[in-house]
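# A look at the structure
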Amino acid sequence: MIRGLFREVTRTFQGSTVRSSPLVYSNFMQTTTGVFYFGGGSVGLVVALMMADGPGSRVAVVALSTFAITAGLIMVRWGPRMPRIVGRVMLGLGPFVIATAIVAATDSFGAIALSVLYVLVATDAALFCPPVEASLYIAVSIVCSLVSVASRADLAWWVGVPSASATLLIGISTLVLAGWAGNAEIDGLTGLLNRRGFDRALRNAISAADPDGIPPAVVFFDIDHFKRLNDINGHSYGDEVLVHVARTWSSLIPPSARLGRYGGDEFALLLVGMREAAVVSCAETLRDSVNVRCSAGATSWNPGESSSLMTGRADVALYRAKNSGRNRITLESGHRTPIAAEFQATMSSGMKLAYQPIVRLDQPDNPIVAVEALIRWESALKPDLTPMELIEIAEASGLIVDLDSLVLRRACEEAHELQAAFGTEPLQLHVNVSGLTLIDPRYLDTVSRVLMETGWPATQLIIEVTETVVDADNSAALNCLDKLREGGIRIAIDDFGTGYSSLSRLQSLPADEIKLDGAFVAASSTHGASLLGAVAVLGHGLHMPTIAERVETADEARLLTDLGYPMAQGFFFGKPVSCEELVRRFRDDLSSAVARSVPRPAAFPRQ
Ligand code: C2E
Ligand code: MG
Ligand code: MG
C-alpha cells in the first residue's frame, strides 16, 4: 500500500505542470482558507480557555485565535473578490500563527492540541496549490510543528512527531486524490485541459467576473486542413503537431490564461482582464508562433449569459473565420448594450438612408454630381442618438459589418431611382465604410454581390473611409482598398485632416478623392484661409479631387470656389434628405432645366 501511494506521489510530481488539482485555478481557495482560519481560531479559543495555568501566555493564545477568527470571517465574506495572492499570503502565515500559539500555550496538552491544526494548512495547500508549491507549505508546516513543540521545556522533542506525521500523510494523500480528480479534466496527449476541464475553468472565470469590469474572453482555434495533414503524414505526425502547438502556446500565454484542447484539432483559450482588441492581438501572436496555419474565433462574455452561450458565439466566430478563407481570426463581440440589442433587432426594418448632395464648385450654378448616403435610425431607448454615436455602438458590438453591408445594399438599390430622376449624367454614389468592416474578410464578397444583384455600376460607387483606416500598418485594410479599386470602385478619404497621415503619405494613399474635414471650412472665418488654400494646392498637385465638407454659408462657398476647390458638400448646397424627397427635387430641377433648355440639372435648391 505504501508502495502504491509512493508511485502515485511520484506520478503526481512528474506531471506537476498538468496533473494538479482541478481546484488550483478556482476561486474557492479564498473561502476555504477563510473557513479553515475560522475553524482553527475557534479551536484555539476553546483550547485557550481550557488550558491549565502555567508558563506561557493565555492572552497571546486568545489574541491569536481572535485574529484567526476575524481574518477567517473576512476571507469568507470578501475573499472571492480579493486577489489570489491574499489567499496565498494567509496560507503561508498559518504555520507561523500556529507555532506562536504552541509556544505561548500555558500547558503541554494545549500545545499538543494546537499542533493538530497544521493538518488544516496541509489540506488547504494540497487542494488549491500546484504540487510543488503545496509541498513547500506542507514542509514548512512540518518544520514549524516540530520546532515549536521541541522549543517547549515541558515537552520531549519527539512529542511533535505524531502531529507532523499526520500533517505529512494527510497533505500527501490530499495532493494525490486532488491529482486524480484533476486527471479527469486533462487531455492525455497534450497535458492541457480537456473540454470538461476548460468548460469548468470558464464557468469559474464567469462566476468570478465583475459585470462592470473587463469580461473574460474565449478564443477557439482550429488547425487548418488538419485531416489532410493526418491523412498524408500519418496520425503520429498529427499528434506531434498538436503537442508542438500545445507546448508553444503554453509558453506564450499570460499566467492567468487557461489553454485547453477542446476537440480533435481544436484548442480553446480563456483570457481574463483583457479587452477584445488585446484578445485578438494575443490570438494573432499565438497563430504566428506555430508552423501550422490555423483559424480562430474570439468572443468575450456578455454579463448575465451562460458559458455555453459564450462558447456558442466563439464557435460562430470560428466558423466565420473558416468560411471566409481560413488562416485568420474573427471576432464575434460579446458587447451588446441595450441600444445595440435594440439596433440589432430593428436594423433591417428601422434603418433608413438620407442622401446629401455633393456639388461642383468649378462649374456654373454648382451642379450636383454625387450624393452621399448617410444612415438614419431612430432608437426608442435614446431618441437623440446621433448617426456617429450609432456607428460607435455598432463598432463596439460587432454589428458594424452588418450595418455597412445593409447600407451599401439599400443605397445601391435606391440609387437607381435617384439616377432615373437625376437624368442622363452618371450620378456618383458615396457610401461610408468603417475600418472594421474593411478588414472583415467577407466585405469584398459582399460588395461584389451587392453590385451584381442591384446592378449599380462599380464606376459610380465611391467608398468613403477615414484617414486612420488607411494607416500604413493596416495591411488588411489597404489590401481591401486595393481590391476595391481594381474592381473599378473609387475611394475617398473622409474627414481628411483629422487623422495623423503625414503629408508624404498622401502621395501613396490608396485613394482617388479627399474629403476635407468640415472643421477647416468652419475655421476659415476666424483663422483665415491659409490652411484651406494649402490643402487646395496639395490636392491639385497630387491630382486628387478635393471635396470641402460642411459648407454652410454663401461666403464659405465663394471662398472655396476662389481657392480652386472643385467640389463641396454642406447644408448650404443641401441637407441630407430621404430618397423620395431627393427624387422629387431632381425631377423639379430637371423639368425647370428642360424648360430653360439647359442639358444638365440645375444647382440643388439651397436651404
Ligand atoms: P461624414 O461621412 O463625414 O458625413 C457627413 C456628416 O456631416 C453627416 O452627418 C452630415 O449630416 C453632416 N453635414 C453635412 N453637411 C453639413 C453642414 O453643412 N454642417 C454640419 N454641421 N453638418 C453637416 P451624419 O449624417 O450625422 O453622419 C455622421 C457620420 O456618421 C458620417 O460623417 C459618417 O462618418 C458616419 N456615417 C453615416 N452613415 C454611415 C454609414 O452608413 N456607415 C458608416 N460606417 N458610417 C456612417
Ligand atoms: Mg462620409
Ligand atoms: Mg466627412
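Up top you'll find the structure we're talking about.
Predicted model, so just to flag it, every value in this text is computed and none were measured.

### With respect to the coordination of the magnesium ion (ligand 3)
Tetrahedral coordination by four donors sets the ideal angle at the metal to 109.5 degrees; octahedral coordination by six donors sets it to 90 or 180 degrees. At 2.0 to 2.7 Å from the magnesium ion (ligand 3) lie its protein donor atoms, namely Asp494 (OD), Asp495 (OD), Glu549 (OE) and Glu549 (OE). Read from N- to C-terminus, the donor residues coordinating the magnesium ion (ligand 3) fall into the pattern D-D-x53-E. Between the magnesium ion (ligand 3) and the magnesium ion (ligand 2), both coordinated by Asp494, there is a metal-metal distance of 4.0 Å. With Asp494 in strand β10 (residues 490-496) and Glu549 in the loop between β12 (546-548) and α23 (554-563), this residue pair connects regions lying 55 residues apart in the sequence. The same class applies to Asp494 as to Glu549, namely buried.

### With respect to the site of ligand 1
Taken together, 24 residues lie near ligand 1, and Glu372, Asp404, Asp494, Glu552 and Phe571 sit nearest. When isolated, ligand 1 has an accessible area of 790 Å², and the protein chains bury 84% of it. Among the elements of the structure, β7 (368-376), α15 (387-396), α16 (400-422) and β10 are those that each provide at least two residues to the shell around ligand 1. The element contributing the most residues to the shell around ligand 1 is β7, with four residues. Across the shell around ligand 1, the residue classes tally to eleven nonpolar, four polar and nine charged.

### Some remarks on unusual backbone geometry
A positive phi angle, near 50 degrees, is found at His225, a position not held by glycine. Tracing the backbone through its elements, the reader meets His225 in the loop between β1 (217-223) and α10 (226-233). Here His225 falls in the partly exposed class, since its relative accessible area comes to 38%. Even without glycine at this site, Asn366 takes up a positive phi of about 45 degrees. Asn366 sits in the buried class, given a relative accessible area of 13%.

### Some thoughts on the environment of Ala48
Residue position: Ala48 is located in helix α2 (residues 28-50). As for Ala48 and Ser65, which are separated by 17 residues in sequence, their C-alpha atoms are 8.5 Å apart. Apart from residues no more than four positions distant in its own chain, Ala48 is found in contact with Arg58, Val61 and Val62.

### Quick word on the nonpolar core
If you look at soluble globular proteins, the nonpolar side chains tend to sit buried side by side. Core analysis: the biggest nonpolar cluster contains 77 residues, and Tyr355, Leu403, Leu429 and Leu484 have the highest contact counts within it. It is α16 that contributes the most residues to this core, twelve residues altogether. By size, the runner-up hydrophobic cluster in this structure holds 30 residues, among which are Ala105, Leu114, Val149 and Leu175.

### Comments concerning the sheet that holds strand β4 (residues 294-300)
Strand pairing in a sheet takes place through backbone hydrogen bonds and is either antiparallel or parallel in direction. In spatial order, the strands read β2-β3-β1-β4-β5; together these five strands make up an open sheet with mixed pairing. The sheet terminates laterally at β2 (258-261) and β5 (329-331), the two strands that pair on one side only. Averaged over all pairs of adjacent strands, the angle between their axes in this sheet comes to 15 degrees, without regard to strand direction. The sheet contact formed by β2 and strand β3 (residues 266-271) spans four bridges and is antiparallel.

Cut-off values and rules
Residues numbered from 1 in each chain as written. Chains lettered and ligands numbered in written order. Predicted model: local features only at pLDDT ≥ 70, side-chain atom pairs only at ≥ 80, totals over all residues. Heavy atoms only, no water. Donors = N, O, S within 2.8 Å, 3.2 Å for Na, K, Ca; no water. Helix = DSSP H or I, 4+ residues; strand = E, 2+ residues; numbered from the N terminus. Buried < 20%, exposed > 50% of the residue type's maximum accessible area, 1.4 Å probe, protein only. Near = heavy atom within 4 Å. Areas by Shrake-Rupley, 256 points an atom, 1.4 Å probe, with all protein chains shown as cover. Nonpolar A, V, L, I, M, F, W, Y, C, P; charged D, E, K, R; others polar. Contact = heavy atoms within 4.5 Å. Core = buried A, V, L, I, M, F, W, Y, C linked by side-chain atoms within 4.5 Å. Pairing = 2+ DSSP bridges. Axes fitted to C-alpha atoms, helices over the stretch in contact; angles between N-to-C directions.

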